[in-house]
Number of protein chains: 2
Amino acid sequence: MKIQAQWMRGGTSKCWVFEAEHLQEAGTSLDVLLPRLFGSPDPRQIDGVGGATSTTSKAVILHRPVSDDVDVEYTFAQVGIEEAAVDWGSNCGNGSAVVGLYAIEQGWVLPTGDVTRIVTRNTNTNQIIVQRVPTPAGALAAVPDAQMPGVPFPGYAVGLGFQDPAGKTTGSLLPTGTATDTIAAGGTRWTVSMVDAGAPVVMVRAEELGLDPARYDSWRAGVELQLDTLELIRRQAAVRMGLVATTAEAARAIPKLAIVGAPTQADPGCDANVMMLSMGKPHPALAITGSIALTLAARTSGTVLHSITGDTLGSTLRLRTPAGVIETWSEEQGRTLLVGVDRTARTIATTIIHLPEDTGSAVAASLAGATR
Amino acid sequence: MKIQAQWMRGGTSKCWVFEAEHLQEAGTSLDVLLPRLFGSPDPRQIDGVGGATSTTSKAVILHRPVSDDVDVEYTFAQVGIEEAAVDWGSNCGNGSAVVGLYAIEQGWVLPTGDVTRIVTRNTNTNQIIVQRVPTPAGALAAVPDAQMPGVPFPGYAVGLGFQDPAGKTTGSLLPTGTATDTIAAGGTRWTVSMVDAGAPVVMVRAEELGLDPARYDSWRAGVELQLDTLELIRRQAAVRMGLVATTAEAARAIPKLAIVGAPTQADPGCDANVMMLSMGKPHPALAITGSIALTLAARTSGTVLHSITGDTLGSTLRLRTPAGVIETWSEEQGRTLLVGVDRTARTIATTIIHLPEDTGSAVAASLAGATR
């Protein structure tokens, strides 16, 4: 049994990219097949294609869409490492960044003009993402040359425009109906903004945590002392946004939490300082989905982020993160709004993955290994 | 520029396996080409095929041999992760384990009988390794089913027999001329054995380190308190074995150091307890090359290991390691001696790696990335 796949870098992740029909030939559930292909369960994924880290144990499954409005549909799979399981619950911005390039490289979409536009739909979140890939002279450059923070080698530039992202999870950009709310947690009342775009995010002001908003280098130490309180705020926000009925039920990944502060006057390189929490810890950069919420929050009067960025923003928003300044953009095209970020992507290898056993016996073998 | 490769698991490592002529087509030095293919320098190797750990940043380069006595010649490359560099200084037992299977799968060697014998020569160490792969009914089994510790999925069994391994580095099994020597280090005199087979190894008795030889579970804590002293012993041994002129010049990886002790009477599952140091720390299992030296030491009167194993060993030697009991074997065939271990191997994927730039510009880009 052999399965075709492209191994691609999208942003700062490595993803295995499959066409849905190639996986279907295996005749088994993807919840069984993908972990076996990746070598899970095994903390080292030593017998499979997984990279044994969350950013290198990802799959993107492509579907030819049925509608004329969309060029490619895709489903994101976070493949478990120590567990033979797949999380289908969210999309991944870095994983998304490979889809447009794949469509061009495989001839699914023909390059048109200097920039080719690929309309993609993520099925995990039902989000349209319009991707733009430079195709000077009607073709991908022979040698890609776009750079991005966190990746020491060039790739093809990919613009990811989330189309009308507001309210995809809760139905509304401001699920509580107001731009600013008060949440009681840890014996204190916190002024927060709860925004749903790309992903639900609750935003807290750096000052309220006792952080000097302009001294970004000092944030991490201060944040790490208050992780318990921040988790209480996040769980309260989960209830207030209508995601769950009680704080005990709050999911670990949703909503995200972002701490925001005004940069110094002496730092004209960004519009706001931001530190996002991911799974209870400071994120090394910024989840792309979370950055979409920040972008709309900055453009919505009354939010804690708008009080920092003000009314003079251009089409871009520059957010300082632990990995450097990340720029997002937004633009209106007629009635639709695109909010996005730029990434780079590259195909690392064209592959045929060998699946040695039928997956029934693979599962039996892996269970035997786990109990040995 | 595209380069063919097989991605294979050998033992507890993942290796990229290239035919030499495919790499030559790139027209550049392997010291430049391999790091770029692997995504180095980058602690995450995010833009290449490397797995960002020492056991997943390995390449094996295969050559069709010129002589009739050898079926496949191969060179092992440990590809740097944070440095764009390749270490060609040693062989890797796990990397070796893919060579015979590759030769059968690619039709370089035709299966003969129930076990196919592939004579391989490692060019890093000029060591002949005779590999044996089961081929029941004259072919590889459709579904591999051999298990080994540390790998939760089955593979094809591969026997690795190091042919006449004694003295490959120093010219002699016992480079000092005697089976037991005394080394002064850390204010104490240590009784050690220095043996060159597979790799040069200095062996120290557990008792002399104050460890209870039979209480293997307690070794690690005791060893970690004495790492400085063990490093002094290792450096003295490097000089005594003639590897370097002064202790200051001793290489980090050679000689290896092994602590040996007698198992309890109540533990008939092994012949000796062993803890090997690797790069200054306890090895999680046992380097295959080091296990060859232990095997010959156990069969050589007067060594500290022979004083534990005695004269009653059969053809196998069972060594308790932190990863479980590892079995080695030795057999004489006429005038040649084969000393070896059994592993499993499997082809994970057949690939074509995309190399975007000519490697000159890749190096320039990576340097630019590093200084950004």
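Rules behind the numbers
Residues numbered from 1 in each chain as written. Chains lettered and ligands numbered in written order. Predicted model: local features only at pLDDT ≥ 70, side-chain atom pairs only at ≥ 80, totals over all residues. Heavy atoms only, no water. Domains from an automatic or database assignment. Contact = heavy atoms within 4.5 Å. Buried area = accessible area lost by both parts, 1.4 Å probe. Salt bridge = Lys/Arg side-chain N within 4 Å of Asp/Glu carboxyl O. Polar contact = N/O pair within 3.5 Å; in protein donor to acceptor, adjacent residues only side chain to side chain. Helix = DSSP H or I, 4+ residues; strand = E, 2+ residues; numbered from the N terminus. Nonpolar A, V, L, I, M, F, W, Y, C, P; charged D, E, K, R; others polar. Least-squares fit on C-alpha atoms with pLDDT ≥ 70 in both. Buried < 20%, exposed > 50% of the residue type's maximum accessible area, 1.4 Å probe, protein only. Pairing = 2+ DSSP bridges. Phe/Tyr/Trp six-rings, centres within 6.5 Å; stacked < 30°, edge-to-face > 60°. Lys NZ or Arg CZ within 6 Å of the ring centre and 35° of its normal.

> Lay out the domain arrangement of chain A in plain terms, naming residues and giving numbers.
Residues and elements named next belong to chain A. For chain A, the domain assignment lists domain 1 (2-163 + 344-371) and domain 2 (181-328). Centre-to-centre, using C-alpha coordinates, domain 1 lies 29 Å away from domain 2. Each partner contributes to the interface: domain 1 provides 6 residues, whereas domain 2 provides 4 residues. If you sort the residues of domain 1 by the area they bury against domain 2, Gly93, Pro149 and Phe162 come out on top, with a joint share of 69%. Inspection of the region where domain 1 meets domain 2 yields 0 salt bridges. Linking domain 1 with domain 2 are 0 residue pairs in polar contact (both at pLDDT 80 or more), by the criterion used here. Going through the elements one at a time, α3 (93-96) and β9 (151-163) are the ones with two or more residues in the side of domain 1 that touches domain 2. When its residues are assigned to classes, the side of domain 1 that touches domain 2 shows 3 nonpolar, 3 polar and no charged.

> Explain the relation of the copies chain B and chain A to me, and be specific about the residues and the numbers.
Least-squares fitting of chain B to chain A yields an RMSD of 0.0 Å, with the superposition described by an axial translation of 0.0 Å and a rotation of 180°. Both copies of the chain, as the preceding transformation shows, are related through a two-fold rotation axis. The rotation axis passes nearest to the C-alpha of threonine 351 of chain B in chain B, at a distance of 2.1 Å. Of the interface residues in chain B, 100% have counterparts in chain A that sit at the interface too, so the contact is made through matching surfaces.

> Which residues make up the pairing of strand β16 (residues 316-321) of chain B, and what values go with them?
Consecutive side chains along a regular strand alternate between the two faces of the sheet. Residue and element names in this part refer to chain B. Here β16 shows a clear split, with Leu317, Leu319 and Thr321 buried on one side and none of Thr316, Arg318 and Arg320 buried on the other. Bridge analysis of strand β14 (residues 272-278) against β16 gives 2 bridges, and the strand direction is parallel. Bridged to alanine 272 within β16 is leucine 319. Of the pairings in the sheet, the one linking β16 to strand β17 (residues 324-333) comprises 6 bridges and is antiparallel in character. In the strand pairing of β17, threonine 316 is matched with tryptophan 329.

> Quick rundown of the pattern of salt bridges? Include the residues and the values.
Under the criterion given, the structure shown has 22 salt bridges over all chains. Ionic pairing is found between arginine 346 of chain B and aspartate 47 of chain A, a salt bridge with its closest N-O pair at 2.9 Å. Within this pair, whereas arginine 346 of chain B is found in strand β18 (residues 336-354), its partner aspartate 47 of chain A is found in the loop between α2 (30-38) and β3 (58-63), the two belonging to separate chains. The residues arginine 346 of chain B and aspartate 47 of chain A share a single accessibility class, namely buried. With its nearest N and O atoms 3.5 Å apart, the salt bridge here joins glutamate 207 of chain B to arginine 205 of chain B. Relative accessible area serves as the criterion here: at 37%, glutamate 207 of chain B is assigned to the partly exposed category. Note on arginine 205 of chain B: relative accessible area 23%, which makes it partly exposed. Residues participating in the shared-partner salt-bridge network are Arg9 and Arg346 of chain A together with Arg36 and Asp47 of chain B.

> Before we move on, could you go through the environment of isoleucine 46 of chain B and cite the residues and values that matter?
Along the chain, isoleucine 46 of chain B turns up in the loop between α2 (30-38) and β3 (58-63). A relative accessible area of 0% places isoleucine 46 of chain B in the buried class. Not counting residues within four places of it along the chain, the set of residues in contact with isoleucine 46 of chain B comprises Arg9, Thr12, Ser13, Lys14, Thr56, Gly150, Val151 and Ile348 of chain A.

> Just give me the short version of the packing of aromatic side chains, but keep the residues and values in it.
Taken as a whole and assessed by the stated rule, the structure comprises 9 aromatic pairs over all chains. Ring geometry for tryptophan 7 of chain B and tryptophan 16 of chain B: centres 4.7 Å apart, planes at 15°, overall stacked. Assessed through its relative accessible area of 0%, tryptophan 16 of chain B is described here as buried. Linked through ring pairs, Trp7 and Trp16 of chain A together with Trp7 and Trp16 of chain B together constitute an aromatic cluster. When the ring centre of phenylalanine 153 of chain B is taken as reference, the NZ or CZ atom of arginine 36 of chain A above it lies at 3.8 Å.

> Summarise the pairing of strand β12 (residues 199-205) of chain A; cite the residues concerned and give the values.
Residue and element names in this part refer to chain A. Judged by how many residues are buried, β12 sits mostly within the fold: 6 of 7 residues are covered. In the sheet, strand β11 (residues 188-197) pairs with β12 via 6 bridges, with the strands oriented antiparallel. Across the sheet, the residue bridging to alanine 197 is alanine 199, located in β12. Bridge count between β12 and strand β13 (residues 256-261): 5 bridges; the pairing is parallel. Counted as the bridge partner of valine 202 is leucine 257 from β13.

> Outline the interface of chain B and chain A, supporting the account with residue identities and numerical values.
Contact with chain B, which involves 47 residues of that partner, is made by 47 residues of chain A. Sorting the residues of chain B by area buried against chain A places Ile46, Asp47 and Phe153 of chain B first, and these three jointly supply 20% of that buried surface. Counting the contacts that link chain B with chain A gives 4 salt bridges. Two residues, aspartate 47 of chain B and arginine 9 of chain A, come together in a salt bridge whose shortest N-O distance is 2.4 Å. Linking chain B with chain A are 22 residue pairs in polar contact (both at pLDDT 80 or more). Elements that contribute at least two residues to the side of chain B that touches chain A include exactly β1 (2-10), β2 (13-19), β8 (146-148), β9 (151-163), β18 and α9 (359-371) of chain B. The class makeup of the residues in the side of chain B that touches chain A is 21 nonpolar, 17 polar and 9 charged. In the sheet, strand β18 (residues 336-354) of chain A pairs with β18 of chain B via 5 bridges, with the strands oriented antiparallel. When the sheet's bridge partners are listed, isoleucine 352 of chain A is paired in β18 of chain B with threonine 350 of chain B.

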